[in-house]
Amino acid sequence: MVQNPQPWFAVFLVLCWPPILLASIAVMRRVTSDRGLAAVAAPGVAVSMWLLAVHVASTALQSYTQGVWAGTLLAGGAAAAVAGRWWRRERIRIGDLDPRLSRWCWITAVLATALLAPAACRWAFHDEHLVTGHLAMITKIQNGAYPPRHGTFPTSPLRYHYAFDLFAALLTTLCRLRADRAIDVTSLAAWFYTWCLLWSWGERNIGRNAGLWTSSLTLFGGGVAMFMPASEPSSRVDRLLSWIPAGGAMANPPLASYFLQHPWAIGLPIALCILLLWSDRTMPRSWPRIAVLAVLFLLLSLAHIVLFALVLGAVVAAEVVLHARRAPRRVIAVFGLALGVLVLARALGGFFSDQPTATGSLIRFAPHGITGNLSGNGSWNLASLGLLLGLGILGLAALPIEPRLVLGGMAGVGLLVTNLCRYAYTWDIVKFATVSSFALGIASSAAAWRFLVARPTPLGRTVGLAAVLLAILPGVAFLGVFATDMSGVPHQFVKSPARLTANDARAIDWLRRHVSSRDIVFRNLSASAAYAQWGGLAQPYVDPGTQGFGFPDSMIAHRNRILADLPEDAAAYRAEGIRWFVLDDNDAQLRRAAEVWQRQGQARIAATFGGLCIVEIH
């Protein structure tokens, strides 16, 4: 296996974690008098402060290696000063750290995480294994250059929400975890924390004993695709995964599936911290609360751009509706917060990074939506949302006005965008529908609580329980396929990352020390994925995820012609940024060309590892 290029003594930076957490608790005590809310939201605030500090420092220094130290020490030092001062002033005791969650919250959170664990730990599907997938992004950050660059066209910065990948890279640096294990640990911890945050939101905004319904309906909720007739032949596993076409397009899988598309794993808990803090009314609005919300929103812009846009828009719109007449100053303050967050988010980069090669708008108006026709859209929405749509509407009506406006705004805008717009290159427009599923899942728990807890009747309890079980079945079934290791899983779901030979591992270690972040390393297609995933090394191949970043078709076509023809002129590769070649016995054509380049003084053999020869074009 390849070596971690970051120095081992970075593990001592772990000592900065306790003061950062304690400072976040102290800050939250200035923001809310609800001690349970302060404790449950503090980890999200702590992670946000730490990640933002490391991201800003790494971007300013153009180096992740230096940014880890600068950002973590700066955050830890400032946190230690704040914690020491505010803990004495507020007289905070260790007993105050209780998040006030019932034992059933902890028990069910453990059980839900155990159900997710096989899919998270034994599989590497969705966008984890691509050339510009999450495993490659983490190892690319490990290499030291920052911000990370695109894995196929590294002259362009990576325009993506990569807070998850930065967090996992930090775990590989401070805890010496392997990159794929850091993904697993981050996913499981985030799932557990999200369950607890949802439980806390339900108890505070719906009523006593509502937490179970809020957590389960949101994280396991899904549509009814598995029960609908498919237009194409589908297996039992396809149906259990909700992996079937509906109305002319693939049905949107349940939120449990999207949680394993890793930006959601950071985005959802941060969004919930924002919703919990915004709905808290135990203390008047103050600058500490505005500051904490700004930090959370800024990390959300780096974590998940669709969640960021819809949560920020819904909160601002709700403030306008509720307080435009009675408290105009408050509305002005919220507009100021939103404007400041947008300006700073633009400066932070991530999804807002400049990419001069991208052309035109990526989201386009399409009145026939995702399927191309109105009836198809109806089938698709039913397959993708199912009972969450009906229960969510009932729940919105039962909620207090403030969460009703925010959740309703998120759900409504998400569905409108999905049904009236298209993404230019991929089906990623459905992520707006996933935000709708998230909001409707939370709202559905209000309807479930009313039927099952608040005003139970024999008929209402029977119907309500049946509706809840059917609504959460898609998520449970999806994870159950991987937990039971069922056969017949579609090929889109990858079992594990690419495997490495010993010589390839040695070659990757050598290349990571010598290759610029803007250079492309050629390795034949059979072994190329491993160099991207385990080495973070840019590869020449255009995988299915490349077009979604907005690169022009002409640029992609030219790259594909180079790879198909394998020209003998070294200048053709140099113009593409392909400066390094790792050649084996299957690369006879390129080996002959490399010999010519060496005689002409255009290239040199930089290193050899067994049967592998590394050639560098000058």
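Nothing here was measured: the structure is a model prediction, and the numbers come from that model.

Please provide a residue-by-residue account of the overall build of the chain, values included.
Looking only at helices and strands, the chain has 24 helices and 8 strands in total. The principal-axis extents of the C-alpha atoms in the chain amount to approximately 85 × 65 × 45 Å. Residues classed as buried in the chain amount to 59% of the 618 residues present. Within the chain, contacts between residues at least 6 apart in sequence are counted, and of these 75% link residues at least 24 apart. Roughly 24300 Å² of accessible area belongs to the chain as shown, and the carbon and sulfur atoms make up 64% of that amount. Computed over 51 positive and 32 negative side-chain charges, the separation of the two mean positions in the chain equals 12 Å.

How would you sum up the side chain of D127? Please name residues and give values.
The residue D127 is located in the loop between helix 4 (103-122) and helix 5 (134-142) in this model. No salt bridge is formed by the buried D127. Its closest oppositely charged neighbour is K431, at 5.5 Å. Look past the residues within four positions of D127 in its chain and what remains in contact with it is G133, H134, Y160, Q261 and H262.

Residues and numbers for the sheet that holds strand 6 (residues 578-583), please.
The 4 strands lie next to each other as 5-6-8-7, forming an open sheet whose pairing is mixed. Each edge of the open sheet carries a strand with a single partner, namely strand 5 (520-523) and strand 7 (603-609). Each adjacent strand pair in this sheet contributes to an overall mean axis angle of 25°, direction not counted. Bridging between strand 6 and strand 8 (residues 612-617) involves 4 bridges; their strand directions are antiparallel. The residue bridging W580 from the neighbouring strand is E616, located in strand 8. With respect to the sheet, helix 21 (residues 525-535) is in contact with strand 5, strand 6 and strand 8, its orientation differing from that of strand 5 by roughly 145°.

Please set out the pattern of salt bridges residue by residue, giving values where relevant.
Evaluation of the coordinates by the stated rule reveals 14 salt bridges. A salt bridge links D180 to R178; the nearest nitrogen and oxygen atoms lie 2.7 Å apart. For the salt bridge of D584 with R523, the shortest nitrogen-to-oxygen distance reads 2.9 Å. With a gap of 61 residues between them, D584 in the loop between strand 6 and helix 24 (588-599) and R523 in strand 5 connect regions that are remote in the sequence. Given the relative accessible area of 12%, D584 is considered buried. R523 gets classed as buried once you look at its relative accessible area, which sits at 3%. Look at the salt bridges and you will find they share partners, linking D519, R579, R604 and E616 into a network.

Go over the packing of aromatic side chains, please, and point to the residues and values.
For the structure shown, the criterion picks out 29 aromatic pairs. Consider the rings of W106 and F192, whose centres lie 6.1 Å apart with planes at 20°: the pair is stacked. Taken together, the residues W106 in helix 4 and F192 in helix 7 (residues 179-205) connect sequence positions 86 residues apart. Chaining the aromatic ring pairs together yields one cluster made of W123, F125, W243, F478, F482 and F493.

Can you explain the layout of surface pockets? Please cite residues and give values.
If you add up the space inside the largest pocket, you get close to 1200 Å³. The wall of the largest pocket is formed by 40 residues, among which D127, T426, W427, D428 and K431 lie closest to the centre. Elements that contribute at least two residues to the lining of the largest pocket include exactly helix 5, strand 2 (249-250), helix 13 (305-323), strand 4 (421-423) and helix 18 (430-454). A per-element tally of the lining of the largest pocket places helix 18 first, with 3 residues.

Account for unusual backbone geometry, with residues named and values stated.
Of the consecutive residues Y146 and P147, the connecting peptide bond is found in the cis state with omega at 0°. As for its position among the elements, P147 is in the loop between helix 5 and helix 6 (163-174). Phi at R100 is positive, roughly 60°, even though this residue is not glycine. By the secondary structure assignment, R100 is in the loop between helix 3 (64-90) and helix 4. Phi is positive for S242, which is not a glycine, with a value near 55°. Looking at the secondary structure, you find S242 in the loop between helix 9 (236-240) and strand 1 (245-246). Under the relative-accessibility criterion, S242 is labelled buried at 3%.

Tell me about the confidence of the model for the chain, residues and numbers included.
Here the chain averages 91 in pLDDT, and 96% of its residues register 70 or above. At the level of individual helices and strands, the chain shows its lowest average pLDDT in strand 3 (residues 363-365), which scores 79, and its highest in helix 6, which scores 98.

Explain the side chain of E576 to me, and be specific about the residues and the numbers.
With respect to the element layout, E576 can be found in helix 23 (residues 570-576). A relative accessible area of 16% means that E576 is categorised as buried. Among the polar contacts listed, one links the side chain of E576 to the side chain of H558, at a separation of 3.3 Å. Those residues in contact with E576 that lie beyond four places of it in its chain are I520, H558, R559 and I562.

Tell me about the nonpolar core, residues and numbers included.
Grouped together as the largest cluster of nonpolar side chains are 182 residues, with contacts concentrated most on V311, F438, L511 and I614. Looking at this core, the element that brings in the most residues is helix 18, giving 14 residues. Apart from the residues lying within four places of it in its own chain, the contact partners of L511 are V521, Y531, L537, W580, V582 and I614. Formed by 20 residues, the second largest nonpolar core is a distinct cluster that contains A538, Y573, L590 and V615.

Please set out the state of the cysteines residue by residue, giving values where relevant.
Under the defined criterion, the tally for this structure stands at 0 disulfides. There is no disulfide at C16, and the cysteine sulfur nearest it, in C175, is 13 Å away.

Just give me the short version of helix 1 (residues 17-31), but keep the residues and values in it.
Here helix 1 contains 15 residues, and its C-alpha end-to-end distance of 21 Å stays within 8% of the 21 Å for a straight helix at 1.5 Å per residue. Along helix 1, the residues classified as buried are P19, I20, A23, S24, I25, A26, V27, M28, R29 and V31.

How would you summarise helix 7 if you had to cite specific residues and measurements?
The periodicity of an α-helix, 3.6 residues per turn, causes residues three or four places apart in sequence to face the same way. Compared with an ideal rise of 1.5 Å per residue, which puts 27 residues at 39 Å, helix 7 spans 38 Å between its outermost C-alpha atoms and is within 8% of the ideal. Of all 27 residues making up helix 7, 21 are buried, and the element is well covered by its neighbours.

What counts as what
Residues numbered from 1 in each chain as written. Predicted model: local features only at pLDDT ≥ 70, side-chain atom pairs only at ≥ 80, totals over all residues. Heavy atoms only, no water. Helix = DSSP H or I, 4+ residues; strand = E, 2+ residues; numbered from the N terminus. Buried < 20%, exposed > 50% of the residue type's maximum accessible area, 1.4 Å probe, protein only. Contact = heavy atoms within 4.5 Å. Areas by Shrake-Rupley, 256 points an atom, 1.4 Å probe, with all protein chains shown as cover. Lys, Arg positive; Asp, Glu negative; His and termini not counted. Charge placed at Lys NZ, Arg CZ, Asp CG, Glu CD. Salt bridge = Lys/Arg side-chain N within 4 Å of Asp/Glu carboxyl O. Pairing = 2+ DSSP bridges. Axes fitted to C-alpha atoms, helices over the stretch in contact; angles between N-to-C directions. Phe/Tyr/Trp six-rings, centres within 6.5 Å; stacked < 30°, edge-to-face > 60°. 1 Å grid on protein atoms, 1.4 Å probe; cavity = no way out; pocket = protein on both sides within 12 Å on 5 of 7 lines; lining within 4 Å. Points joined across faces, edges and corners; volume = space filled by probe spheres on them. pLDDT = per-residue confidence, 0-100. Polar contact = N/O pair within 3.5 Å; in protein donor to acceptor, adjacent residues only side chain to side chain. Core = buried A, V, L, I, M, F, W, Y, C linked by side-chain atoms within 4.5 Å. Disulfide = S-S within 2.5 Å. Expected span 1.5 Å × (residues − 1).

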